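Residues per chain are reported as follows:
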Amino acid sequence: GLPFEDIIEDEYQHIQPYEAQRLYLTVCVLNRLDIRVRAGLISRSHQIAFEEFQERFHKPLEHIVKTEFDQNVRDNVYFARHPHIAEIVFERILNAQELRYEEYIRCIQAMNLDYSTDRQAFVQMIRGRSINDLFSNNELAKAIYEAAKHAAGEDPNLYHQMGIYRSEERRVGKECR
C-alpha cells in the first residue's frame, strides 16, 4: 500500500554494506540521465578495484544494479533497473543541494572523457538548464563548472553550457557575482 517512491527509497536504505549503497547512488546519479556507468568510473570514484567490487558488492546489488559488458568501451557497465527508478533514488536520497553537489563532483572528477560513456555523462551533467534547476546556490553551480573545466580543459561545449547557465541564472533572478 506504500507509494512506489517510498518503496524505492526504503529499498535503498536497506542496502548493506554502506559502501554498496553509495555505489548504487553513483549508478543512479548517472543512470537517471540514461547513461550506463563504466566499471572504471566506479573504481575511480569509490577507490575500489574491480575485483573488490565483484567480491564485496555484486551480491548486495545483484537485483537492483544490472551489469553488461559494453563492446564499444571494452568495459563492464552498470545501470539501474530503469532510469525512472534512478531518478527517484537521486531525488529522494540527494534531497539537498550540498549532497547533489558532492556526488556531481565525485563523478566529474572520476570521469575519463576519452570514453564515450563518460563523455555522454559529462555532457548531460553540465547542461546549463539542468545545473540551474538542481542548484539554486550559484556558488555550488560555479564550483561544478570549475571541476568540469579541470576535467575537460578548453571544451567548447562546456563554455557553451556555462553561458546557458549564466543566462538562466539571470532569467530566474539569481544573484550574479
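I will try to describe carefully the structure that is included in this document. Because the structure is a prediction, the values reported are computed rather than measured. Here the residue numbering is sequential within each chain, running from 1 through the sequence in written order. For a predicted model such as this one, the threshold for reporting local features is a pLDDT of at least 70, and the threshold for listing and counting side-chain atom pairs is 80 or more; totals across whole chains, interfaces and linings nevertheless cover every residue. Excluding hydrogens and water, the side-chain figures rest on all heavy atoms present in the structure.

### Some points on the overall build of the chain
- Numbering of helices and strands runs from the N terminus; a helix is a DSSP stretch of H or I covering at least four residues, while a strand is a stretch of E covering at least two. Assigned secondary structure in the chain consists of 10 helices and three strands.
- Taken from the N to the C terminus, the helices and strands of the chain come in the order α-α-β-α-α-β-β-α-α-α-α-α-α.
- Over its C-alpha atoms, taken along the principal directions, the chain stretches across nearly 45 × 40 × 20 Å.
- Working definition: with a 1.4 Å probe on protein chains only, accessible area under 20% of the residue-type maximum means buried, over 50% means exposed, and in between means partly exposed. When the 177 residues of the chain are sorted by exposure, 47% land in the buried category.
- Contact between two residues is taken to exist if any of their heavy atoms lie within 4.5 Å; hydrogens are not considered. Within the chain, contacts between residues separated by at least 24 positions form 67% of all contacts whose residues are at least 6 apart in sequence.
- Carbon and sulfur atoms make up 46% of the accessible area of the chain, which totals about 9200 Å².
- Neither His nor the chain termini are counted; the positive set is Lys and Arg, and the negative set is Asp and Glu. Taken as the charge centre is NZ of Lys, CZ of Arg, CG of Asp or CD of Glu, depending on the residue. Taking the average place of the 23 positive charges on the side chains of the chain and the average place of its 29 negative ones, the gap between the two points comes to 4 Å. In this description, accessible areas are obtained by the Shrake-Rupley approach with a 1.4 Å probe, and a residue is regarded as covered only by the protein chains that are shown.

### Notes on the side chain of Asn 76
- Note on placement: Asn 76 falls in strand β3 (residues 75-80).
- Among all residues touching Asn 76, those that are not within four sequence positions of it are Val 37, Arg 38, Ala 39, Phe 50, Thr 67, Glu 68 and Phe 69.

### Things to note about the nonpolar core
- In terms of nonpolar packing, the biggest core is built from 54 residues, with Tyr 24, Leu 30, Leu 61, Tyr 104 and Met 111 touching the most fellow members.
- It is helix α2 (residues 18-31) that provides the largest number of residues to this core, a total of eight residues.
- Beyond its immediate stretch of four places on either side in the chain, Tyr 104 contacts Val 29, Arg 32, Phe 90, Met 125, Ile 131, Leu 134, Phe 135 and Ile 144. The criterion is simple. A nonpolar core is a set of buried Ala, Val, Leu, Ile, Met, Phe, Trp, Tyr and Cys residues joined through side-chain atoms within 4.5 Å.

### A few points about empty space enclosed by the protein
- A pocket, in this scheme, is an open set of points on a 1 Å grid over the protein atoms alone with protein on both sides within 12 Å along at least 5 of 7 lines, while a cavity is a set where a 1.4 Å probe fits but cannot get out; residues line either one if an atom lies within 4 Å of a point. Grid points are joined across faces, edges and corners, and a volume is the space filled by probe spheres set on the points. All told, the structure shown has one cavity of 30 Å³ or more when counted by the stated rule.
- In this structure, the largest cavity occupies an estimated 30 Å³ of space.
- Lining the largest cavity we find Ala 39, Ile 42, Ser 43, Ile 48, Ala 49, Phe 50, Phe 53 and Tyr 78.
- Elements with a minimum of two residues in the lining of the largest cavity: α3 (39-46) and α4 (50-61).

### Things to note about the pairing of strand β2 (residues 65-70)
- Where β2 lies against β3, six bridges are found, and the strand directions are antiparallel. In the sheet register, Thr 67 faces β3, and the bridge partner there is Tyr 78.
- Two strands pair under a simple rule: DSSP has to find at least two bridges between them. Between β2 and β3, which follow one another and run antiparallel, lie four residues, and Arg 74 among them has a positive phi close to 50°.

### What about the packing of α2 against α4?
- Only the contacting stretch of a helix is used when fitting its axis, a line to C-alpha atoms as for every element, and angles between N-to-C directions run 0 to 180 degrees. Contact pair α2 / α4: the axes reach a minimum separation of 9 Å and the direction vectors enclose 75°. By the angle class used here, α2 and α4 are roughly perpendicular. Mapping the contact onto sequence places Glu 19, Ala 20, Leu 23 and Tyr 24 in α2 and Phe 53, Arg 56, Phe 57, Pro 60 and Leu 61 in α4.
- Under the scheme applied, nonpolar residues are Ala, Val, Leu, Ile, Met, Phe, Trp, Tyr, Cys and Pro; charged residues are Asp, Glu, Lys and Arg; polar residues are all the others, including Gly. Split by residue class, the contact of α2 with α4 holds seven nonpolar, no polar and two charged. The scheme is simple: roughly parallel for angles under 35 degrees, roughly antiparallel for over 145, roughly perpendicular for 65 to 115, oblique for anything else.

### Brief notes about the packing of aromatic side chains
- Centres within 6.5 Å make a pair out of two Phe, Tyr or Trp rings, where for Trp the six-membered ring is used; the pair is then stacked when the planes are under 30 degrees apart, edge-to-face when over 60, and tilted otherwise. The full count for this structure, using the stated rule, is three aromatic pairs.
- Both rings, one in Tyr 104 and one in Phe 135, keep their centres 5.7 Å apart while their planes meet at 80°; by these two values the pair is edge-to-face. With a gap of 31 residues between them, Tyr 104 in helix α6 (residues 97-110) and Phe 135 in the loop between α8 (128-134) and α9 (138-152) connect regions that are remote in the sequence.
- Among the residues examined, Tyr 104 registers a relative accessible area of 1% and is labelled buried.
- Only Lys NZ and Arg CZ are tested; either one counts as a charge over a ring when it is within 6 Å of the ring centre and within 35 degrees of the ring normal. The ring of Phe 90 carries the charged tip of Arg 32 above its face, separated from the ring centre by 3.7 Å.

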